[in-house]
Amino acid sequence: MIKKIGVLTGGGDCPGLNAVLRAVVKTAVCRYGWEVIGFKDGYRGLVMNDYVKFKSGDVSGILDKGGTILGSSNKDNPFSFRIEKDGKVEYKDMSERVIDNVNMHEIDCMVLIGGDGTLTSARDFARKGMKVIGVPKTIDNDLSATDTTFGFMTAVDTATEAIDKLHSTAESHHRVMILEVMGRYAGWIALESGIAGGADVILIPEIPYDINNITNKLKEREHAGKSFSIVVVAEGAKPKDGDVVVSKVVENSPDPIRLGGIGNKLADDLEKLTGHETRVTILGHLQRGGRPVPFDRILSTRYGVAAVEMLNEGKFGMMVGLQGNSINAVSLEDAVGKLKTVDPNGELIRIAKSVGVGFGD
Ligand code: F6P
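Below you will find a few notes about this structure. Note that the structure is a prediction, hence the values are computed from the model and not measured.

### Comments concerning the overall build of the protein
For the protein, the helix and strand inventory stands at 11 helices and 15 strands. The globule rule puts the C-alpha radius of gyration for 361 residues at 21 Å, and the 22 Å found for the protein is close to it. With respect to the principal axes defined by its C-alpha atoms, the protein has extents near 70 × 50 × 35 Å. Taking contacts inside the protein between residues at least 6 apart in sequence as the whole, the part at least 24 apart equals 73%. Accessible surface for the protein amounts to roughly 15,400 Å². Of this, 48% is attributable to carbon and sulfur atoms. Positive and negative side-chain charges in the protein, numbering 44 and 48 respectively, have mean positions lying 4 Å apart.

Structure below.
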């Protein structure tokens, strides 16, 4: 018999986190009569015992809000937690402290909402006997055990709107416009927004590019009387003979490399090779913010309700996932550590090529 559950949002934020929290709290409190405790700033709140007790009214009016009312962190790994003492930094395994805190609150099970890092810790807590369920989030849509993560469609919407806007100014000034979007290891945002926005060239991490092939594509357009071009590039894209562009290293992050800047490199290279005026827009964290689109609000609500229902059915150590149009429980053991990347021979690449998009390959 479950009486009390805990919830947290970990990793980089994305639109739809609040919609999941709303669905979890409303279902747990109003339908099952459980208590819900929310831990602040991802696993940091669980380690430091920083929490709020949720009433159903606390999650009213947040369905359309970006971010997360609980806060999040993509630095705090409870199994290697950064501690600063007397000016010295050390990393300690705080997982037993987490388990003590969960027991102290008499929490029966935890809902852990996050991407691969958060869900890997969820799996490790499940291995230690904690009753957990995971909910998959990330704008990158790169988790293998679900067709779609919430937040992705909003990021694609934001990027598509940016491409639409760049189109008009590109046309007026006869320029090449480059839009750099997020996507470290997977090019889903670049690919889907590029198709939706009618980009001429899409560059993704899964298909290393040859700059000469992009130049030829742009020249081809010029010869066909098109005086402008749109290039969408994922931050993790790289040339065949080169590497990704690193913008900074965040020392205390489990995944310390932050990418960014490939758009500028590409603009320099292309301007030299084509003689065509080129401008760059880096969309950055705009993709992570703002109101979730209806698809994400609905998916987040489905995930949140399903997570609580699965706990009620005693399905622990699982993650909720979308397969086709149904929500299923997937084992956390199978769900983490495997990225879902774009298949260079897949249908989306084929249809994009069919309508003339170049991938620089
Ligand atoms: O994983 C989500 C993501 O937005 C990536 O697309 C991006 O590379 C990274 O997080 C940025 O992280 P931060 O918010 O730490 O800059």
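### Focus on the packing of helix H7 (residues 211–223) against helix H8 (residues 262–274)
Their axes nearest at 10 Å, the elements H7 and H8 cross at an angle of 60 degrees. Comparing their axes, H8 and H7 come out oblique. Considering the relative orientation of H7 and H8, their crossing is right-handed. For the pair H7 and H8, the contacting residues are Ile211, Ile214, Thr215, Leu218 and Lys219 in the first and Leu266, Asp269, Leu270, Leu273 and Thr274 in the second. In the contact of H7 with H8, the residues fall into 6 nonpolar, 2 polar and 2 charged.

### Observations regarding the sheet that holds strand E9 (residues 201–203)
Taken in spatial order, the 4 strands of this open sheet run E9-E10-E8-E13, and their pairing is parallel. Both outer strands of the open sheet, E9 and strand E13 (278–282), are each paired with one neighbouring strand and no more. Here the strands of the sheet are splayed against their neighbours by 15 degrees on average, with no regard to which way each runs. Sheet topology places strand E8 (residues 176–181) next to strand E10 (residues 229–234); 6 bridges connect them, and they run parallel. Each residue of the ladder has a partner; that of Glu180, found in E10, is Val233. Packed onto the sheet, H7 meets E8, E9 and E10 and runs at close to 165 degrees relative to E9.

### Observations regarding the site of the ligand
Close to the ligand lie Asn74, Ile139, Asp140, Met182, Gly183, Arg184, Glu235, Arg258, His285 and Arg288. Within the side chain of Arg258, a nitrogen or oxygen atom sits 2.6 Å from an oxygen atom of the ligand. Arg288 is positioned with one of its side-chain polar atoms (N or O) 2.8 Å from an oxygen atom of the ligand. In the complex, the protein chains occlude 84% of the 400 Å² of accessible area that the ligand would expose alone. Assessed atom by atom at 2 Å from the grid points, the ligand resides in the largest pocket. Its residues assigned to classes, the shell around the ligand comprises 2 nonpolar, 3 polar and 5 charged.

### What about empty space enclosed by the protein?
Scanning all chains against the criterion turns up 1 cavity of 30 Å³ or more. For the largest cavity, the calculated volume is near 40 Å³. Taken together, Val176, Leu218, Arg221, Glu222, Lys226, Phe228, Ser229 and His276 make up the lining of the largest cavity. Top contributing element to the lining of the largest cavity by residue count: H7, with 3 residues. Along the lines of polarity and charge, the residues of the lining of the largest cavity split into 3 nonpolar, 2 polar and 3 charged.

### A look at the environment of Glu180
Take Glu180: it is sitting in strand E8. Residues Glu180 and Val280, spaced 100 residues apart in sequence, show a C-alpha to C-alpha distance of 7.5 Å. If we ignore the near neighbours within four places in the chain, the residues touching Glu180 are Val233, Glu235, Gly260, Gly261, Ile262, Gly263, Thr281, Ile282, Leu283 and Gly284. Within the structure, Glu180 has its side chain in polar contact with the backbone nitrogen of Ile262 (distance 3.2 Å). Among the polar contacts listed, one links the side chain of Glu180 to the backbone nitrogen of Gly263, at a separation of 2.8 Å.

### Notes on the nonpolar core
Core analysis: the largest hydrophobic core is formed by 64 residues, its most contacted members being Ile5, Val111, Ile113, Val135, Phe150, Ile230 and Val320. Per element, the largest residue contribution to this core is 8 residues, and it comes from helix H5 (residues 152–173). Taken together, domain 1 (4–150 + 292–335) and domain 2 (153–289) each give at least three residues to this core, which thus spans both. Core analysis: the second largest hydrophobic core is formed by 26 residues, Val47, Phe81, Met110 and Val330 among them.

Calculation rules
Residues numbered from 1 in each chain as written. Predicted model: local features only at pLDDT ≥ 70, side-chain atom pairs only at ≥ 80, totals over all residues. Heavy atoms only, no water. Helix = DSSP H or I, 4+ residues; strand = E, 2+ residues; numbered from the N terminus. Rg over C-alpha atoms; globule rule 2.2 N^0.38 Å. Contact = heavy atoms within 4.5 Å. Areas by Shrake-Rupley, 256 points an atom, 1.4 Å probe, with all protein chains shown as cover. Lys, Arg positive; Asp, Glu negative; His and termini not counted. Charge placed at Lys NZ, Arg CZ, Asp CG, Glu CD. Axes fitted to C-alpha atoms, helices over the stretch in contact; angles between N-to-C directions. Parallel < 35°, antiparallel > 145°, perpendicular 65-115°, else oblique. Left-handed = near helix turned anticlockwise from the far one by under 90°. Nonpolar A, V, L, I, M, F, W, Y, C, P; charged D, E, K, R; others polar. Pairing = 2+ DSSP bridges. Near = heavy atom within 4 Å. Polar contact = N/O pair within 3.5 Å; in protein donor to acceptor, adjacent residues only side chain to side chain. 1 Å grid on protein atoms, 1.4 Å probe; cavity = no way out; pocket = protein on both sides within 12 Å on 5 of 7 lines; lining within 4 Å. Sits in = over half its atoms within 2 Å of the grid points. Points joined across faces, edges and corners; volume = space filled by probe spheres on them. Core = buried A, V, L, I, M, F, W, Y, C linked by side-chain atoms within 4.5 Å. Buried < 20%, exposed > 50% of the residue type's maximum accessible area, 1.4 Å probe, protein only. Domains from an automatic or database assignment.

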